[in-house]
Amino acid sequence: MSSELCVFDLGFSWSKGKKKNKLYLQPSIYGEGKPIFEGSIKQDDFIFNEDLFVGKLALRHSDIKYFSLNDNKTEAMTSDVLMKTGLGYLNGNNPFNLVTGLPVKFYFSQKDHMKDMIERLGTSEKYEVKKGNGKPHIIKLNIDKYKIVPQGYGIAMDFLLTSDGRIKNSGIAKKKILVIDLGFYTLNLLGLDKMEIMKESTSIILGVEKAYRLLQTYLQKVVGKSPSIYEMDACVIEGKYEGYDIRPLIQKAFKPLSKQIQNEVESLNINFDYHLIGGGAAHNVFEQINLPNKILFDQLAQIRGYENVGVRLWK
């Protein structure tokens, strides 16, 4: 059986994966399982090895939750379960080629560790993944080839490459392009000049978490309490908390983050032809960042770009 392409991006806030038309999108959290009513389990819920709730199910029902901001993904206690759940759901026991990423700043220092982690996943014991109220599946990961790229590169390749790995526009590909990849914990600034990664590319510990900490403070003053940091996404997406319309507070919290991002980009002192602004919360800063030729990318742009990279690499 030939190996098919699978892509996976383990973020601090969300884990995203894709294989063909099959998508995995869950918060990067898991928790201790407990007896719950069958009707409480939704179709997109995941259970790992019968006793751990993963992602959305953990947020709703786990009393004890595990969530990590360790900037070394390979050392984070949550990474093993999160990757096994996502990759197991997407691939089952079938052989696959994998494209995944690391923050720009940590790419060289952590690449070997990530390689070791992927090798461990490929040789790990069988485990069980259950989706919704379906039948549990016994998984033995079968990883063939893999490629690790800097985060932000996926957004660039979503912009520059077609789904069959070809360059969309050779003129644009020769330009200077800056990817502003806003993650939960890090801001990746990835520069490309004629599709070559620029030495000025970096990651800064400046992400959505900064805005969420501010928002927690505002909510404490207005509502008298605030959600945990790992519960903020749901509130921000809905725009409500405890019956309050918190959209003005969200905008207020993201304004200082937008200014900081603008300052970091200007500090590079490079004139870019295009600015690609991506990440799940990028829409909250996009309008407030004043840069020429800026384009907004959605939460799934990174993994679409990873797919384009994989197709170009292994076609």
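Residues numbered from 1 in each chain as written. Predicted model: local features only at pLDDT ≥ 70, side-chain atom pairs only at ≥ 80, totals over all residues. Heavy atoms only, no water.

Caption draft 1: Fine view of the overall build of the chain. Scanning the chain from N- to C-terminus turns up 10 helices and 19 strands. Relative to the compact-globule value of 20 Å for 315 residues, the chain shows a C-alpha radius of gyration of 20 Å, a close match. In the chain, buried positions account for 53% of the 315 residues. Sequence separation of 24 or more characterises 65% of the internal contacts of the chain that already satisfy a separation of 6 or more. Summed over all atoms, the accessible surface of the chain reaches about 14700 Å², with 48% contributed by carbon and sulfur. Here the chain contributes 43 positively and 36 negatively charged side chains, and the mean placements of these two sets differ by 4 Å. (Helix = DSSP H or I, 4+ residues; strand = E, 2+ residues; numbered from the N terminus. Rg over C-alpha atoms; globule rule 2.2 N^0.38 Å. Buried < 20%, exposed > 50% of the residue type's maximum accessible area, 1.4 Å probe, protein only. Contact = heavy atoms within 4.5 Å. Areas by Shrake-Rupley, 256 points an atom, 1.4 Å probe, with all protein chains shown as cover. Lys, Arg positive; Asp, Glu negative; His and termini not counted. Charge placed at Lys NZ, Arg CZ, Asp CG, Glu CD.)

Caption draft 2: Spatial organisation of the nonpolar core. Membership of the largest hydrophobic core comes to 40 residues, with the highest contact counts inside it found for Ile 180, Phe 254 and Ile 261. Of all elements in the fold, only strand 12 (176–182), strand 13 (187–193), helix 6 (208–222), helix 7 (232–238), helix 8 (247–266) and helix 9 (283–286) reach the threshold of two or more residues within this core. Among the nonpolar cores identified, the runner-up in size contains 29 residues, and Cys 6, Leu 87, Leu 98 and Ile 118 belong to it. (Core = buried A, V, L, I, M, F, W, Y, C linked by side-chain atoms within 4.5 Å.)

Caption draft 3: Molecular detail of the sheet that holds strand 9 (residues 127–131). Ordered by their spatial adjacency, six strands build an open sheet running 7-4-6-5-9-10, and the pairing between neighbours is antiparallel. Whereas interior strands pair on both sides, the edge strands pair on one side only; in this sheet they are strand 7 (65–66) and strand 10 (137–139). Here strand 5 (residues 46–48) pairs with strand 6 (residues 52–54) via three bridges, running antiparallel. Residue pairing for strand 6: Phe 48 is matched across the bridge by Leu 52. (Pairing = 2+ DSSP bridges.)

Caption draft 4: A look at the environment of Val 309. Within the fold, Val 309 resides in helix 10 (residues 301–314). In this structure, the C-alpha to C-alpha distance between Val 309 and Asp 158, residues 151 residues apart in sequence, is 8.9 Å. In contact with Val 309, not counting residues within four places along its chain, are Val 149, Tyr 153, Met 157 and Leu 161.

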